[in-house]
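What follows is the residue order along each chain.
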Amino acid sequence: MSRPSPPLPWPAVPPAHGTVVLREFVDADVAVGLDLSTDPYVPLVSTLPPHATEDRAREWVEQNRARWPTGKGFSFAIADAGSGQGLGQIGLWLDELPHGRASAGYFVAPAARGRGRAADALTAATAFAWTIPGLARVQLHIEPWNTASVRTAERAGYQREGLLRRYMEIGGRRRDMLLFAALRPG
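Quick look at the structure, then. (Residues numbered from 1 in each chain as written. Predicted model: local features only at pLDDT ≥ 70, side-chain atom pairs only at ≥ 80, totals over all residues. Heavy atoms only, no water.)

## Looking at the layout of surface pockets
If you roll a probe as big as a water molecule over the atoms, it shows you where there is empty space left.
Here's step 1: If you add up the space inside the largest pocket, you get close to 1300 Å³.
Here's step 2: Tyr41, Gly105, Tyr106, Phe107 and Ser149 are the residues nearest the centre of the largest pocket, which is lined by 49 residues in total.
Here's step 3: With eight residues, the single largest contributor to the lining of the largest pocket is strand E5 (residues 101–108).
Here's step 4: Taken together, the residues of the lining of the largest pocket sort by class into 23 nonpolar, 14 polar and twelve charged. (1 Å grid on protein atoms, 1.4 Å probe; cavity = no way out; pocket = protein on both sides within 12 Å on 5 of 7 lines; lining within 4 Å. Points joined across faces, edges and corners; volume = space filled by probe spheres on them. Helix = DSSP H or I, 4+ residues; strand = E, 2+ residues; numbered from the N terminus. Nonpolar A, V, L, I, M, F, W, Y, C, P; charged D, E, K, R; others polar.)

Quick look at the structure:
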């Protein structure tokens, strides 16, 4: 039985790009959880239930806060760079770090979409990823129908590498996933 690795240091300077900054979750991010839970897809691939109550959204904030100390990776709140208001969540998951790989995933709340914030957040998270020793590659898995997420990946410099057929179970069904990746520069 393997023990979890101790967590890597939290970034001394919050990762940022364009209009967003990635920060720790705060109590006010309950509002982000409530907004995200109204999206029909987010509850299928996250711990938020559909139309979460305030208590359940608070639990989601706490779950995000608790992930980093486990050593599994970083769960950042995506926030507006000017106001600090929460806009979504992005994770950099390090389960495969011994193999030089990490994966990322992101959600922007419905009220904050359509302004390039997901691409800014992914760009910031990827730049931060390259500060982690031994990391050579960050991967994304995106359902083929999710054209907004495909555009986000491409805007952040990720390249499509292929189609993984019936790769992941989502909502009780095996689903195809596009594989996108960014490689450490140099």
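There's more to say after this.
## Considerations on the packing of helix H4 (residues 117–129) against helix H5 (residues 147–155)
Here's step 1: Taken N-terminus to C-terminus, the directions of H4 and H5 make an angle of 45°; their axes are 8 Å apart at the nearest point. Between H4 and H5, the crossing angle belongs to the class labelled oblique. Two packed elements cross with a definite hand, and for H4 against H5 that hand is right-handed. Of the residues in H5, those in contact with Ala118, Ala119 and Leu122 of H4 are Thr152, Ala153 and Arg155.
Here's step 2: Looking at the contact of H4 with H5 residue by residue, the classes come out as four nonpolar, one polar and one charged. (Axes fitted to C-alpha atoms, helices over the stretch in contact; angles between N-to-C directions. Parallel < 35°, antiparallel > 145°, perpendicular 65-115°, else oblique. Left-handed = near helix turned anticlockwise from the far one by under 90°. Contact = heavy atoms within 4.5 Å.)

## Some thoughts on the side chain of aspartate 80
Here's step 1: Inspection of the secondary structure puts aspartate 80 in strand E3 (residues 73–80).
Here's step 2: Side-chain polar atoms of aspartate 80 contact the backbone nitrogen of glycine 82, separated by 2.9 Å.
Here's step 3: Other than its neighbours up to four places away in sequence, aspartate 80 contacts Thr19, Val21, Gln85, Leu87 and Arg117. (Polar contact = N/O pair within 3.5 Å; in protein donor to acceptor, adjacent residues only side chain to side chain.)

## Here we look at the side chain of aspartate 120
Here's step 1: Note that aspartate 120 resides in helix H4.
Here's step 2: Buried charged residue aspartate 120 carries no salt bridge. Nearest counter-charge: arginine 155, at 5.0 Å. (Buried < 20%, exposed > 50% of the residue type's maximum accessible area, 1.4 Å probe, protein only. Lys, Arg positive; Asp, Glu negative; His and termini not counted. Salt bridge = Lys/Arg side-chain N within 4 Å of Asp/Glu carboxyl O.)

## A few points about H4
Here's step 1: Along its 13 residues, H4 runs 18 Å from first to last C-alpha, staying within 8% of the 18 Å computed at 1.5 Å per residue.
Here's step 2: Counting buried positions over the 13 residues of H4 gives twelve, a clear majority of the element.
Here's step 3: Looking only at H4, the buried set comprises Arg117, Ala118, Ala119, Asp120, Ala121, Leu122, Thr123, Ala124, Ala125, Thr126, Phe128 and Ala129. (Expected span 1.5 Å × (residues − 1).)

## A word on the nonpolar core
Here's step 1: By size, the foremost hydrophobic cluster in this structure holds 34 residues, and its most contacted members are Ile90, Leu92, Leu140 and Tyr158.
Here's step 2: Among the elements that line this core, the one with the most residues is H4, at seven residues.
Here's step 3: Membership of the second largest hydrophobic core comes to 13 residues, among which are Phe25, Val32, Leu36 and Ala57. (Core = buried A, V, L, I, M, F, W, Y, C linked by side-chain atoms within 4.5 Å.)

Just distances and angles here, no functional claims.
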